[in-house]
Amino acid sequence: MKNKYSIFSLIKNAFTDHENWQRAWRDPLPKKEYDAVIVGGGGHGLATAFYLAKKHNMKNIAVVEKSWIGGGNTGRNTTIIRSNYLWDASAGLYDHALKIWEGLSQELNYNVMFSQRGVMNLAHNLQDVRDLKRRTHANRLNGIDAVWLNTQEVKKFCPIINTSPDIRYPVLGGTLQRRAGTARHDAVAWGYARGADAMGVDIIQNCEVKGIKRNGDSVEGVETTKGFIKTKKIGVVAAGHSSVIANMADIKLPLESKPLQALVSEPVKPIIDTVVMSNAVHAYVSQSDKGELVIGAGTDSYVSYTQRGSHDVVEGTLKAILELYPIFSRMKMLRQWGGIVDICPDASPIISKTHIKGLYFNCGWGTGGFKATPGSGDLFAHTIANDEPHKLNADFNINRFVSGDLVDEHGAAAVAH
Amino acid sequence: MFLINCPYCGERDQSEFTAGGEAHIVRPKQPTELSDDQWAEFLFMRKNIKGVQLERWNHAHGCRKWFNMVRDTSNDKIHAVYKMGEKPPIK
């Protein structure tokens, strides 16, 4: 990498008032033809390009992004990373990602601020207790760290939680994954972009895909707002807009796109040093390094591409937050936003080739894609380069909706939307 | 967040309603004769349109009746509401 970041480069640039830092990636115009084109410059798309170049030596590739990189769901999520999924297929997928997260800042020479502060999932009724205990056992059989905490241990781990038995949904215990945590979402997109660019990948922003050119059962290229780009392989990583791209190629996906909301409060001093999620009352909260509470709400029940969401969803979440954390009752919320998430009927992603040769989809991450970013990119790159899935994403093929072999994480995951 | 004009109750807040997804997906008449592909198409595959879409809605916290709606998913604007069994008023 030509401009390696280090303590020395930081000191050197400090002497020149930080005015001589170089651009982290180029701003090229599209070439006429690439070996592969990735549609969507979010974390997953940029990671895909990075691993295609790094592990599969495919360097004549481009990432086309309709807006700026990392401006979609990569910049709109609550940055939680965990791998405590119930089923073997999901556990394999998400823990693969978590293992890459653990060395990612070094791999990218870019600080993604990965912080293993732990993720705690609360139980509020007997069924929750049974489900979550079962999940800790399943996690441990899959080599994923998980412990069950009783109510006192929950209180000790996060003292601001209201563990009174008198609240509407009392805390009966919880699970804790200590290796889980958060990362800086923008840094993930920027780090992958910088790494991919250094290996020759063209990252083309403000370039919207308008059509997929097909020749019978194979692809020939993409029509974009910056002209036609010829390619034999197209990897679509368009999150909430996956169906829009699929409709261009005349195929249907089992997806519905819905707004998922999040909000942040005014910044305060450190008060919560972990991530706490609650499935039953649907509230999760952590604190950013700037001091804001980062709060995740739920999805709306209807299909919508407006990045807004309904007020009653936010209201429901904040009610739950206030019952669990009475200490937050005077805090002001600063910002609220929505991201469009593409949800599969079985709440599991699709990382798959399609019946059209050269057309690949990485979609359906629904409400929880950020945590998978490095693993998703790695496995999708493998799938595109070899035209075959890796064994870790073989179960996440598109044909499972025909065969019935679903990866049913609905309700089994730590938080259901 | 928007208001919905229920064909039975009139204008109410969207939070009273439940969305039932894409409309006019006809239940197969001969389920035993369907192939796996046709079942997948019926059960799972959706157009998920960004733009004008035909949808089913239920007034869950009201009359509890189902009805159809023409709505633009890119801006949440409702173009028309019509009863079950009726043809969509506009395309």
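Up top you'll find the structure we're talking about.
Residues numbered from 1 in each chain as written. Chains lettered and ligands numbered in written order. Predicted model: local features only at pLDDT ≥ 70, side-chain atom pairs only at ≥ 80, totals over all residues. Heavy atoms only, no water.

Take the overall build of chain A next. Counting secondary structure elements, chain A contains 10 helices and 20 strands. Considering chain A as a whole, with its 417 residues, one finds that 58% of them fall into the buried category. Averaged over its 48 positive side-chain charges, chain A has a centre that lies 3 Å from the centre of its 41 negative ones. (Helix = DSSP H or I, 4+ residues; strand = E, 2+ residues; numbered from the N terminus. Buried < 20%, exposed > 50% of the residue type's maximum accessible area, 1.4 Å probe, protein only. Lys, Arg positive; Asp, Glu negative; His and termini not counted. Charge placed at Lys NZ, Arg CZ, Asp CG, Glu CD.)

Core analysis: the biggest nonpolar cluster contains 48 residues, and A:Leu46, A:Tyr51, A:Trp101, A:Leu104, A:Val112, A:Tyr192 and A:Val201 have the highest contact counts within it. Those elements giving two or more residues to this core turn out to be β2 (36-39), α2 (43-56), β3 (61-64), α3 (88-108), α6 (185-198) and α9 (373-386) of chain A. Top contributing element to this core by residue count: α3(A), with eight residues. Residues in contact with A:Leu104, not counting those within four places in the same chain, are A:Tyr51, A:Val112, A:Tyr192 and A:Pro374. Among the nonpolar cores identified, the runner-up in size contains 31 residues, and A:Tyr34, A:Ala246, A:Cys363 and B:Met45 belong to it. (Core = buried A, V, L, I, M, F, W, Y, C linked by side-chain atoms within 4.5 Å. Contact = heavy atoms within 4.5 Å.)

All names here are of chain A. Of all five residues making up strand β16 (residues 283-287), five are buried, and the element is well covered by its neighbours. Side chains Ala 283, Val 285 and Gln 287 project from β16 onto one buried face, and the interleaved Tyr 284 and Ser 286 project onto a second face that is buried too. Pairing of strand β15 (residues 275-278) with β16, which is carried by three bridges, proceeds in the antiparallel orientation. Looking at the pairing, Val 276 lines up with Val 285 of β16. Linkage of β15 to β16, two consecutive antiparallel strands, is achieved through a turn of four residues, within which His 282 is found at a positive phi near 50 degrees. Here β16 runs beside strand β17 (residues 293-299); their pairing, made up of four bridges, is antiparallel. Residue pairing in the sheet places Tyr 284 in a bridge with Gly 296 of β17. The antiparallel hairpin formed by β16 and β17 contains five residues in its connecting segment, where Gly 291 sits at a positive phi of about 105 degrees. (Pairing = 2+ DSSP bridges.)

In many reports, interface size means the accessible area that the parts give up when they come together. The interface is formed by 26 residues belonging to chain A together with 26 residues belonging to chain B. Between B:Glu41 and A:Lys252 there is a salt bridge, and its shortest N-O distance comes to 2.9 Å. Here chain A and chain B share 13 residue pairs in polar contact (both at pLDDT 80 or more) between them. Secondary structure elements with two or more residues in the side of chain A that touches chain B: α7 (242-248), β14 (256-265), α8 (311-324) and α10 (400-403) of chain A. Grouping the constituent residues of the side of chain A that touches chain B by class yields 11 nonpolar, 10 polar and five charged. (Salt bridge = Lys/Arg side-chain N within 4 Å of Asp/Glu carboxyl O. Polar contact = N/O pair within 3.5 Å; in protein donor to acceptor, adjacent residues only side chain to side chain. Nonpolar A, V, L, I, M, F, W, Y, C, P; charged D, E, K, R; others polar.)

Attention now moves to the packing of aromatic side chains. Within the structure shown, the criterion is met by 16 aromatic pairs over all chains. Ring geometry for B:Phe17 and B:Phe67: centres 5.9 Å apart, planes at 85 degrees, overall edge-to-face. You can see B:Phe17 sitting in the loop between β2 (10-13) and β3 (18-22) and its partner B:Phe67 sitting in strand β5 (residues 66-72), a full 50 residues away along the chain. Joined through ring pairs, the aromatic side chains of A:Tyr5, A:Trp21 and A:Tyr110 make up one cluster. When the ring centre of A:Phe228 is taken as origin, the NZ or CZ atom of A:Lys213, which lies over that ring, is 5.5 Å away. (Phe/Tyr/Trp six-rings, centres within 6.5 Å; stacked < 30°, edge-to-face > 60°. Lys NZ or Arg CZ within 6 Å of the ring centre and 35° of its normal.)

Turning our attention to the packing of α3(A) against α9(A). All names here are of chain A. At their nearest, the axes of α3 and α9 sit 7 Å apart, and the two run at 110 degrees to each other. Here α9 runs roughly perpendicular to α3, going by the angle between their axes. When α3 is examined against α9, the residues Leu 93, His 96, Ala 97, Ile 100, Trp 101 and Leu 104 are found in contact with a partner set consisting of Thr 373, Pro 374, Gly 375, Asp 378 and Leu 379. Looking at the contact of α3 with α9 residue by residue, the class counts come to seven nonpolar, three polar and one charged. (Axes fitted to C-alpha atoms, helices over the stretch in contact; angles between N-to-C directions. Parallel < 35°, antiparallel > 145°, perpendicular 65-115°, else oblique.)

What follows covers the sheet that holds strand β9 (residues 202-204) of chain A. Residues and elements named next belong to chain A. An order of β9-β3-β2-β13-β20-β19 is seen for the six strands of this open sheet, with the pairing classed as mixed. With partners counted over all chains shown, the strands left at the sheet margins are β9 and β19 (350-353), one partner each. Strand-to-strand, the axes of this sheet are offset by a mean angle of 15 degrees, without reference to chain direction. Sheet contacts for α2: β2, β3, β9 and β20 (359-363); angle to β3, the most-contacted strand, approximately 175 degrees.

Let's shift gears to the side chain of A:Asp186. Residue and element names in this part refer to chain A. Here Asp 186 lies in helix α6. Polar contacts involving the side chain of Asp 186 include one to the side chain of Arg 184, which spans 2.8 Å. In this structure, Asp 186 is in contact with Gly 70 and Gly 75, ignoring residues within four places of it in sequence.

What follows is about the sheet that holds strand β6 (residues 77-83) of chain B. Residues and elements named next belong to chain B. Here four strands make up an open sheet; going across it, the order is β3-β4-β5-β6 and the pairing antiparallel. Looking at strand neighbours, the two that pair on one side only are β3 and β6, the edges of this open sheet. Between one strand axis and the next, the sheet turns by 30 degrees as a mean value, whatever way the strands run. Here strand β4 (residues 52-58) pairs with β5 via seven bridges, running antiparallel.

A word on the pairing of strand β7 (residues 173-177) of chain A. Residues and elements named next belong to chain A. Taking burial as the measure, the five residues of β7 include five buried ones, the bulk of the element. Neither face of β7 is open: one carries Gly 173, Thr 175 and Gln 177, the other Gly 174 and Leu 176, and all of them are buried. Two strands pair when backbone bridges link them, and strand β5 (residues 119-123) and β7 are joined in this way by five bridges, in the antiparallel orientation. When the sheet's bridge partners are listed, Met 120 is paired in β7 with Leu 176.

It is worth spelling out the environment of A:Lys258 at this point. Residues and elements named next belong to chain A. Here Lys 258 is to be found in strand β14. The sequence separation of Lys 258 and Asn 139 amounts to 119 residues, and the corresponding C-alpha distance is 29 Å. In contact with Lys 258, other than residues within four places in its own chain, are Thr 299, Asp 300, Ser 301, Tyr 302, Val 303, Ser 304, Gly 339, Ile 340, Val 341 and Ile 343.

Function cannot be inferred from these measures alone, as they are strictly geometric.
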